[in-house]
Each structure stands twice: as structure tokens, then as C-alpha cells.
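# Geometric and topological summary
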Amino acid sequence: MSILRKTLSLTKPASLSLHRFMSNIPENSVYGGPQPQTSTQRVTLTNIKQKHKKGEPITIVTAYDYPSAVHLDEAGIDICLVGDSAAMVVHGYDTTLPITIDEMLVHCRAVARGAKRPMLVGDLPFGTYESNSQQAVDTAVRVLKEGGMDAIKLEGGSPSRITAAKSIVEAGIAVMGHVGLTPQAISVLGGFRPQGRNVASAVKVVETALALQEAGCFSIVLECVPPPVAAAATNALTIPTIGIGAGPHCSGQAMTFCYIKSSTHPVEAICSSVLVYHDLLGMMQHPHHAKVTPKFCKQFAHVGDVINKALLEYKEEVTNGTFPGPAHSPYKISNADVDSFLSELQKMGLDKAADAAAAAAHKIEATK
């Protein structure tokens, strides 16, 4: 210790020398490096339940990396879903099936670093929870411990999926269910096909949602089902529903965050480096990104401003109920099937759900 003190006393100023001695960051680095970020309080499951109880719409957007997560953070989105749709949106696959848990964890960690406010939900990818409940719990634990997520989402409502959801909840992990079009089941669905378009399929959507609620799920995604079916399921449940192409009658709406690419430049030029890609397009205005943006970078566009504006408009339209409107609720069920569906709901003792479905169908007719 005395030798170290003598060494430091020979240099001026001592504090600067000690800093340089202990730091591996060059004094005149091109990059400033990340700095601690000040964040507001994280949205929790309790906050989501409170919004649902008050009848306030819930916003949820997918993100797969740090930059998109920061945009969601700044826009005040409630829930950020790290979806297995990354397989198609980011990795270029035709379906969600190929993505692995290790690849998903990379996306989860990146999003967790950027989204400090939203509740974070990570998808369990295909092949990581179907075998048995222990496999499902083990995968869910990894998503939280290694991915930094707050909850997980799993698809489907078969008995094995219901059991898996129940086991994960009992392990102390919050679960979001997913019914309707479940992309991981395209092998048996025959492709990406809307569900709930006939009486049997519509009843199955409601029954599956109720079963997942019974298993302990905190919310249910309703994907690509007609608005009357979504209205019935939402009314029958005591937990929030999140609509993806399911009309305006859900508790919240989900959207996929997709980057805007320039059509005037070849993709190879834009994507030669991830950092260059975001810097060149001006995608980020976050203080952290400003710290790591090289001084030699020229911004040829300000796409970040466009993204932020779009996210804020989306949040506003979900909140005031203008999205989704008729133009973005494309999946139909015939009037005859609606009547039969209402009868089936009444037989199930779901009179209020039947009323909600009837009101949704009447609203559709009124807009024609």
C-alpha cells in the first residue's frame, strides 16, 4: 500500500492518474459509453389489474431489441412483449417455429436493457414447453432469470398447455395465455387462419380462454377472431383480454413493432452494421444512444421521430377507443352463426357474454 501511495504522489493530479490506472476506457474514446439511465416506476401486474378494473385500455407492443424497447419506453406503453414473432420479423423465417430458447433469451435481454418502464413478457418458443410441466417450468424460469422478463406467454388451450400454464403459475411466474389463431399450431390449423368464424370454433375460443383463466393466467391474447367472439370472451373473463386483429371489444390492443426501412437505399448499405443502421436513419433520440453515437456519423433521416409519433398515436387511439375500427376488424362471422353462438353462450350460463357478443354484432351491422 505504501508503494502505491508513493507512486501516486509522483503523478499530478493524483485523482486523474488513479482514474486512468483503474479504468479500461481510453480518455479520448470515440464512444462515451453507456450511462446510468433514470427510469420511472416499472408497470407491474398490479398496475395492469388496476387499469382493467377501472376499464382503462391496456397497450401492448412487441419489441425484439434495445432500440425498439427504448421507443416503447419513451412512448409509455404498458406491456412490452418479446414475441417469438422475432423468428419472422427479425430472422426472416416463414413461421415462428424455428426460433430457439437461446435466441429468444438474446432478444429478451436486449429488450430488458432498453425498456425500463413497461411490464416485460417473453414468449415461450415452440418445442420448449410441450413435453411436460417440468420442461415448461424450467423454460419459464430461464426466461425470467436469464432473459430479465417479468412474465411469460404461451400459446394454445389443449389439456397439456392448460396443465403447463397452471404449473408455471404455481412456480410463482405470471402467465399470459393466447387463444384464437396460435401461430405455433399452424401444422394442425392448416396455416395462419382466423379462428372463431363458426359456432364450434367460436365456442372453443371462449371455453379455452376460460380454462386458461382457471389455470391462473393474468391475461389472454385473442388473435384473429371476429369482434363478437372477442366481446363474448372479454365479458366472460374476469382478467384482461389483449386483441390482435380481434376488434375493439378487448381490454387492450397489441401491435407488432416493425422498423421502417428506406426504399431508396439498398438494404445491404443500411444494414452493414446495426449501429450504423440506427444512426444513419436517425432512429434513436434517447440520451444513452447519443452517448454511443460516433461523431463521424451523419443522419440521413429522422426515422426515430416518425416511430415515436406513430407509437404515441397508437397509444392515443387505443386509449380513446378509435382503434381498432371496422377497417381493422376484418374477421367475420355470419349473422346465422352469431345467433347460434349466442344460444350456445346462454346454454353455458354466460348471459352477459351473449349480450356483449350481440351488442358487438349490432355495432358491426350499424356501421355497414
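Note on numbering: residues in each chain are counted from 1, in written sequence order. Given that this is a predicted model, residues contribute local features only at a pLDDT of at least 70 and side-chain atom pairs are listed and counted only at 80 or more, while totals for whole chains, interfaces and linings are drawn from all residues. With hydrogens and water set aside, each side-chain value is computed from the structure's full complement of heavy atoms.

Moving on to the overall build of the protein chain. Helix and strand counts for the protein chain stand at 17 helices and eight strands. Burial classification: accessible surface area is computed with a 1.4 Å probe over protein chains only, and a residue below 20% of its type maximum counts as buried, one above 50% as exposed, and the rest as partly exposed. Buried residues in the protein chain amount to 46% of all 368 residues. In what follows, residue pairs with any heavy atoms lying within 4.5 Å of each other are defined as contacts. Restricting to contacts in the protein chain with at least 6 residues of sequence separation, those with at least 24 account for 63%. Here the protein chain displays about 18400 Å² of accessible surface, and carbon together with sulfur accounts for 57% of that area. Secondary structure is summarised from DSSP: a helix means a run of H or I of at least four residues, a strand means a run of E of at least two, and numbering begins at the N terminus for each. For accessible areas, the Shrake-Rupley method is used with a probe of radius 1.4 Å. Any residue's cover is judged against the shown protein chains and nothing else.

Moving on: the confidence of the model for the protein chain. Per-residue confidence for the protein chain averages 83 on the pLDDT scale, and 77% of its residues sit at or above 70. Residue-level confidence of the predictor is summarised by pLDDT, bounded by 0 at the bottom and 100 at the top. Taken as a whole, residues 259-277 scores under 50 in pLDDT and shows 25 contacts with residues more than four places along the chain or in a different chain.

Moving on to the pattern of salt bridges. By definition, a salt bridge exists where a carboxyl oxygen of Asp or Glu is found within 4 Å of a side-chain nitrogen of Lys or Arg. Per the stated rule, a full pass over the model turns up nine salt bridges. One salt bridge in this structure joins D123 and K153, with 2.8 Å as the shortest N-O distance. With D123 in strand β3 (residues 119-123) and K153 in strand β4 (residues 151-153), this pair connects stretches of sequence that are 30 residues apart. Comparing D123 with K153 shows no difference in burial state: the two are buried. Close ionic contact of E170 with K166 constitutes a salt bridge, the shortest N to O distance being 2.5 Å. Pair noted here: E170 and K166 are both in helix α8 (residues 159-170), with a separation of four residues, about one helical turn. Residue classification places E170 among the exposed positions, given a relative accessible area of 58%. Residues joined by salt bridges that share partners form a network here, namely D102, R142 and E146.

A few words on the side chain of T62. With respect to the helices, strands and loops of the structure, T62 is situated in strand β1 (residues 58-62). For T62, the side chain forms a polar contact with the side chain of Y64, separated by 3.4 Å. Polar contacts, as counted here, are pairs of nitrogen or oxygen atoms within 3.5 Å of one another; within protein the pair requires one atom able to donate a hydrogen and one able to accept it, and residues that are adjacent in sequence qualify only if both atoms are side-chain atoms.

What follows concerns helix α6 (residues 101-114). Each residue after the first adds 1.5 Å to the expected span of a helix. Over its 14 residues, α6 runs 20 Å from end to end, which matches the ideal 20 Å to within 8%, given 1.5 Å per residue. Within α6, the full set of buried residues consists of I101, M104, L105, H107, C108, A110, V111, A112 and G114. If you follow the buried residues of α6, they end up packed against α4 (66-75), β2 (79-82), α5 (86-89), β3 and α7 (133-145).

Tracing the backbone shows D84 in the loop between β2 and α5. Residue D84 is classed as buried on the basis of its relative accessible area, which comes to 4%. A C-alpha to C-alpha distance of 9.2 Å links D84 and Q184, two positions 100 residues apart in sequence. In this structure the side chain of D84 is engaged in a polar contact, spanning 2.7 Å, whose partner is the side chain of Q184.

Note the cis peptide between F323 and P324, where omega equals 0°. Within the secondary structure, P324 sits in the loop between α15 (303-320) and α16 (335-347).

Should DSSP find at least two bridges between two strands, the strands are taken to pair. Looking at chain direction, strand β6 (residues 219-223) and strand β7 (residues 241-244) are connected through four bridges and run parallel. Of the residues in β7, the one forming a bridge with L222 is G243. Taken together, β6, helix α11 (residues 227-236) and β7 constitute a β-α-β crossover, and its handedness is right-handed. A crossover gets the label right-handed when its path from the first strand over the helix to the second runs clockwise, viewed with the strands pointing away from the viewer.

Now for the packing of aromatic side chains. A pair of Phe, Tyr and Trp rings is counted when the ring centres sit within 6.5 Å of each other, with Trp represented by its six-membered ring. The angle between the planes then sorts it: under 30 degrees is stacked, over 60 is edge-to-face, the rest tilted. A full pass over the atoms with the stated rule returns one aromatic pair. For the ring pair Y314 and F323, a centre distance of 6.4 Å and an interplane angle of 70° mean the geometry is edge-to-face.

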